[in-house]
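If you want the building blocks of each chain, they are given just below.
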Amino acid sequence: MSETTAGHPKHQFHLVAPSIWPLISSLSAGAMFGGTVLGLHGHGWILAEVGFMFVLFCMFMWWRDVIKEAVVEKHHTPIVQIGLRYGMTLFISSEVMFFVAFFWAFFASSLYPVGGVWPPKGITPFDPFHLPFLNTLILLLSGTTVTWAHHSLIEGDRKGLLQGLGITVLLGLTFTCLQAIEYGDALFTFDGNIFGATFFMATGFHGFHVMVGTIFLAVCWVRAYKGQFKPDHHFGFEAAAWYWHFVDVVWLFLFLGVYVWGGHGIVPPAE
């Protein structure tokens, strides 16, 4: 039975057309991570770099097809959008558990430190009320600007939508630059101590998520500029906003737990 009649779907569901991108993405990711293992063992980074470039290419092409399904082919009906919302909710839930692992490692190491002191001897942690506090204010502000953009979209205010999204992207770039400066001033390294390992893993992966979220919102800005978002049809923007708020909340836990609580002598040295 045909899915459409006279060009119009007979139902509210979208039967996705066969696509080569899942297969190519899997092979590319396998090459990227396999190449990373080879690189860490001194066999060169060529395979990892090629795999990474193909992953980026597949991401661009796959998401381009999804946008085409929504904007050109009009397949993202209300029921399809519900499925997309469930998918994004599950994805963010998996990301939450991803960061739970890093918090678990940090708190387990800090509450029961080797040598009985935390931070470990010889480690000088960051002042949480210097760049980390500034970055906290930046992310909190970005949460308000992306919400402003969302409400502007719902109310049909295109100028407010573009301004709010543009400011949010600039704030995300500012956060990344300040974190790079902070890393450059670090008085400890990733290797050789559990403090550095857990600190850089947790904050580094959060920084990566900020970069991903910034790109996500930048793409939304381009789509908004082209008029692809409507007050009643803009799940792509909603997904970006959810992701950005998730990034904000994770940073608050990082700031309070890793920078403030974890960097100022939770376990004092024995007398």
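Thresholds applied
- Residues numbered from 1 in each chain as written.
- Predicted model: local features only at pLDDT ≥ 70, side-chain atom pairs only at ≥ 80, totals over all residues.
- Heavy atoms only, no water.
- Helix = DSSP H or I, 4+ residues; strand = E, 2+ residues; numbered from the N terminus.
- Buried < 20%, exposed > 50% of the residue type's maximum accessible area, 1.4 Å probe, protein only.
- Expected span 1.5 Å × (residues − 1).
- Polar contact = N/O pair within 3.5 Å; in protein donor to acceptor, adjacent residues only side chain to side chain.
- Phe/Tyr/Trp six-rings, centres within 6.5 Å; stacked < 30°, edge-to-face > 60°.
- Axes fitted to C-alpha atoms, helices over the stretch in contact; angles between N-to-C directions.
- Parallel < 35°, antiparallel > 145°, perpendicular 65-115°, else oblique.
- Left-handed = near helix turned anticlockwise from the far one by under 90°.
- Nonpolar A, V, L, I, M, F, W, Y, C, P; charged D, E, K, R; others polar.
- pLDDT = per-residue confidence, 0-100.
- Contact = heavy atoms within 4.5 Å.
- 1 Å grid on protein atoms, 1.4 Å probe; cavity = no way out; pocket = protein on both sides within 12 Å on 5 of 7 lines; lining within 4 Å.
- Points joined across faces, edges and corners; volume = space filled by probe spheres on them.
- Salt bridge = Lys/Arg side-chain N within 4 Å of Asp/Glu carboxyl O.
- Patch = residues over 30% accessible without salt bridge, like charges linked within 9 Å, V, L, I, M, F, W, Y side chains within 5 Å.
- Areas by Shrake-Rupley, 256 points an atom, 1.4 Å probe, with all protein chains shown as cover.

Side note on unusual backbone geometry
- Here Trp-118 and Pro-119 are connected by a cis peptide whose omega angle stands at -5°.
- Locating Pro-119 in the fold gives a position in the loop between helix H3 (78-111) and helix H4 (131-154).
- One non-glycine residue, Lys-74, lies in the positive phi region at around 60°.
- Within the secondary structure layout, Lys-74 lies in the loop between helix H2 (46-71) and H3.
- Under the relative-accessibility criterion, Lys-74 is labelled exposed at 59%.

A word on helix H5 (residues 158-184)
- The end-to-end C-alpha distance of H5, which contains 27 residues, comes to 39 Å, matching closely the 39 Å that a straight helix rising 1.5 Å per residue would cover.
- At the N-terminal boundary of H5, the capping side chain belongs to Asp-157, with an oxygen 3.4 Å from the backbone nitrogen of Lys-159.

Structural notes on the packing of aromatic side chains
- By the definition in use, this model includes 34 aromatic pairs.
- On the numbers, 5.6 Å between centres and 85° between planes, the contact of Phe-106 with Trp-118 is edge-to-face. One end of the pair, Phe-106, is in helix H3; the other, Trp-118, is in the loop between H3 and H4, with twelve residues separating them in the sequence.
- Each ring, one from Trp-221 and one from Tyr-225, has its centre 5.5 Å from the other, and the planes form 10°; the classification is stacked. Separated by four residues within a single helix, Trp-221 and Tyr-225 lie in helix H6 (residues 194-225), roughly one turn from each other.
- Residue classification places Trp-221 among the partly exposed positions, given a relative accessible area of 32%.

A short note on the packing of H4 against helix H7 (residues 235-261)
- Axis separation between H4 and H7 bottoms out at 10 Å; the angle between their running directions is 160°. For the element pair H4 / H7, the angle class is roughly antiparallel. Crossing handedness for the pair H4 and H7: left-handed.
- Partitioning the contact of H4 with H7 into residue classes produces 15 nonpolar, seven polar and two charged.

Considering the confidence of the model for the chain
- When pLDDT is averaged along the chain, the result is 89, and 93% of the positions lie at 70 or above.
- This stretch, residues 266-271, has a pLDDT under 50; its non-local contacts, to residues over four places away or in other chains, come to twelve contacts.

Re the layout of surface pockets
- Of the voids in this model, the second largest pocket is the one considered here, and its volume is about 170 Å³.
- The wall of the second largest pocket is formed by Val-96, Phe-99, Val-100, Phe-103, Phe-107, Phe-246, Val-249, Val-250 and Phe-253.
- Looking at the lining of the second largest pocket, the elements that each hand over two or more residues are H3 and H7.
- Tallied by class, residues from the lining of the second largest pocket come to nine nonpolar, no polar and no charged.

Observations concerning the packing of H6 against H7
- Packing of H6 against H7 brings their axes to within 9 Å, and their N-to-C directions diverge by 155°. Viewed along their axes, H6 and H7 adopt a mutual orientation that is roughly antiparallel. Taken as a pair, H6 and H7 cross one another with a handedness that is left-handed.
- Class assignment of the residues belonging to the contact of H6 with H7 gives a composition of 19 nonpolar, six polar and one charged.

So, the environment of Thr-77
- Secondary-structure assignment places Thr-77 in the loop between H2 and H3.
- What makes Thr-77 buried here is its relative accessible area of 14%.
- Each C-alpha atom, one on Thr-77 and one on Gly-172, is 32 Å from the other, the two residues being 95 residues apart in sequence.

As for the side chain of His-150
- With respect to the secondary-structure elements, His-150 resides in helix H4.
- Dropping the residues within four chain positions of it, His-150 is found in contact with His-234, Phe-237 and Glu-238.

Topic: the pattern of salt bridges
- Under the defined criterion, the tally for this structure stands at two salt bridges.
- The salt bridge involving Arg-64 is made with Asp-65; its shortest N-O contact spans 3.0 Å.
- In this structure, the salt-bridge partner of Arg-85 is Glu-238, at a minimum N-O distance of 2.4 Å. Taken together, the residues span a long stretch of sequence, with Arg-85 in helix H3 and Glu-238 in helix H7 at a distance of 153 residues.

Topic: a nonpolar patch on the surface
- A contiguous nonpolar patch, built from Phe-52, Met-53, Leu-56, Met-59, Trp-62 and Trp-63 and spanning about 610 Å² of accessible area, is present on the exposed surface.
- Mapped onto the fold, Trp-62 is located in helix H2.
- Overall, the relative accessible area of 36% leaves Trp-62 in the partly exposed class.

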